Amino acid sequence: MPFRYFIKQLLLPPGILLLLLLVAWWLRRSRPRLAGLCFAMGLGGFWLMSLPVVVQWGAKALEREPPLPRDAWTALAQRADAIVVLGSGRERGDLAWGEDQPTGVGLERQRYAARLTKASGLPILTSGGLHYGTPPTEAKLMADSLLDDFGVTTRWQEGESRTTWENAKFSADILLPQGIKRVVVVTQAWHMPRAVWCFQQAGFEVVPAPVGFLGTDNARPFGGWLPEFKSIWQSGQLLNEAVGQVGYSLFYR
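Below you will find a few notes about this structure. (Residues numbered from 1 in each chain as written. Predicted model: local features only at pLDDT ≥ 70, side-chain atom pairs only at ≥ 80, totals over all residues. Heavy atoms only, no water.)

### Focus: the pattern of salt bridges
Part 1 of the argument: Inspection of every chain in the model, using the stated rule, returns eight salt bridges.
Part 2 of the argument: One salt bridge connects Asp81 with Arg182, and the closest N-O pair in it is separated by 3.0 Å. Placement of the pair is Asp81 in the loop between helix H4 (52-62) and strand E1 (82-86) and Arg182 in strand E6 (residues 182-188), with a sequence separation of 101 residues.
Part 3 of the argument: Under the relative-accessibility criterion, Arg182 is labelled partly exposed at 24%.
Part 4 of the argument: A salt bridge links Glu228 to Arg220, with the nearest nitrogen and oxygen atoms 2.9 Å apart.
Part 5 of the argument: The exposure class of Glu228 is partly exposed, given its relative accessible area of 24%.
Part 6 of the argument: Linked through salt bridges whose partners overlap, the residues forming this network are Arg90, Arg92 and Asp100. (Salt bridge = Lys/Arg side-chain N within 4 Å of Asp/Glu carboxyl O. Helix = DSSP H or I, 4+ residues; strand = E, 2+ residues; numbered from the N terminus. Buried < 20%, exposed > 50% of the residue type's maximum accessible area, 1.4 Å probe, protein only.)

Encoded structure:
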């Protein structure tokens, strides 16, 4: 898993852009024209990824599921039988807490799921396995945080999955035998189309509950044309998702 993750990070931006800059430095004397091309592509790619407006445009193309209206929260029990919250990694060894913690993205999902369960009364399943093989599972981290931070008890923990496909498959192993076929799925808006597809393939009827929309007005100076470091990370997430959607359509049937 770590080696596959390393290759993935190297071949997708910004990893590939850093590689282009390294190649440019290596060829600066022997192949100056090629080095200049590699430098321009690497630097230009970093500049594009750093623009909030590019994040906004990219997110609009991926965020195809609309937000769940607030006036529909209390009636969710008529449309679904459970809420599934997807994991998003972890923050390793946070010194303030003395242990691993959910990511900021994970907390955003947990907060939304907590509001939904309090409004609807639906039970929650957290889904996410070990990160680099280190316990506890993401599912347990989220369950603990839901209880400690939001006062919500998690009914099920799915702690084996490492991908969105496995989120759906292993959640199905837990829920379908109990007759639970309709689920509210909570994840980021740009990740939701792939998550919905996976859960439908696993045999569920899905009510999408996306959070963290990035395709809205970026509210940045000069319309988002000034670079920001945060946008590089967000652009990387969007590019990873775009590749994931294509890959899933090819390799998972």
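### Observations regarding the pairing of strand E2 (residues 90-94)
Part 1 of the argument: Here three bridges tie E2 to strand E3 (residues 99-102), and the two strands are oriented antiparallel to one another. Note that in E3 the partner of Arg90 across the bridge is Pro102.
Part 2 of the argument: Hairpin connection, E2 to E3: the antiparallel pair is bridged by four residues, and Gly98 has positive phi, about 80°. (Pairing = 2+ DSSP bridges.)

### Description of the side chain of Gln188
Part 1 of the argument: Secondary-structure assignment places Gln188 in strand E6.
Part 2 of the argument: Gln188 gets classed as buried once you look at its relative accessible area, which sits at 3%.
Part 3 of the argument: Aside from chain neighbours lying at most four places away, what touches Gln188 is Val105, Glu108, Arg109, Val211 and Gly212. (Contact = heavy atoms within 4.5 Å.)

### Some words on helix H3 (residues 32-49)
Part 1 of the argument: The end-to-end C-alpha distance of H3 is 25 Å, a good match for the 26 Å that 18 residues give at a rise of 1.5 Å each.
Part 2 of the argument: Turning to H3, its buried residues are Ala35, Cys38, Gly42, Gly45 and Met49. The buried residues of H3 all sit within an arc of 105° when viewed along its axis, so they share a single face. Exposed side of H3, more than 90 degrees from the buried face: Pro32 and Arg33 are the residues found there.
Part 3 of the argument: Buried positions along H3 lie against helix H2 (15-26), H4 and helix H9 (229-251). (Expected span 1.5 Å × (residues − 1). Arc of directions from axis to C-beta.)

### Overview of the environment of Gly104
Part 1 of the argument: Its location among the elements puts Gly104 in helix H5 (residues 104-120).
Part 2 of the argument: Spatially, the C-alpha atom of Gly104 lies 8.8 Å from that of Arg90, the residues being 14 residues apart in sequence.

### A closer look at the packing of aromatic side chains
Part 1 of the argument: Counted according to the given criterion, the structure contains six aromatic pairs.
Part 2 of the argument: Note on Trp165 and Trp197: the rings are 5.8 Å apart at their centroids and 40° apart in plane angle, and the pair reads as tilted. One end of the pair, Trp165, is in helix H7 (residues 164-175); the other, Trp197, is in helix H8 (residues 192-201), with 32 residues separating them in the sequence.
Part 3 of the argument: Judged by relative accessible area, Trp197 falls into the partly exposed class, the value being 25%.
Part 4 of the argument: Connected via pairs of aromatic rings, a cluster forms that spans Trp165, Trp197, Tyr248 and Tyr252.
Part 5 of the argument: Over the ring of Trp25 we find Arg28; its NZ or CZ atom is 4.3 Å from the centre of that ring.
Part 6 of the argument: Of note, Arg194 hangs over the ring of Tyr248, and the distance from its end group to the ring centre comes to 4.6 Å. (Phe/Tyr/Trp six-rings, centres within 6.5 Å; stacked < 30°, edge-to-face > 60°. Lys NZ or Arg CZ within 6 Å of the ring centre and 35° of its normal.)

### A short note on the layout of surface pockets
Part 1 of the argument: In this model, the second largest pocket occupies a volume close to 300 Å³.
Part 2 of the argument: Considering the residues around the second largest pocket, the lining is formed by 19 residues, among which Val55, Phe213, Leu214, Lys230 and Gln234 are closest to the centre.
Part 3 of the argument: For the lining of the second largest pocket, the secondary structure elements donating two or more residues are H4, H5 and H9.
Part 4 of the argument: A breakdown of the residues in the lining of the second largest pocket according to their chemical character gives seven nonpolar, eight polar and four charged. (1 Å grid on protein atoms, 1.4 Å probe; cavity = no way out; pocket = protein on both sides within 12 Å on 5 of 7 lines; lining within 4 Å. Points joined across faces, edges and corners; volume = space filled by probe spheres on them. Nonpolar A, V, L, I, M, F, W, Y, C, P; charged D, E, K, R; others polar.)

Limitation: the analysis is restricted to geometry and does not speak to function.
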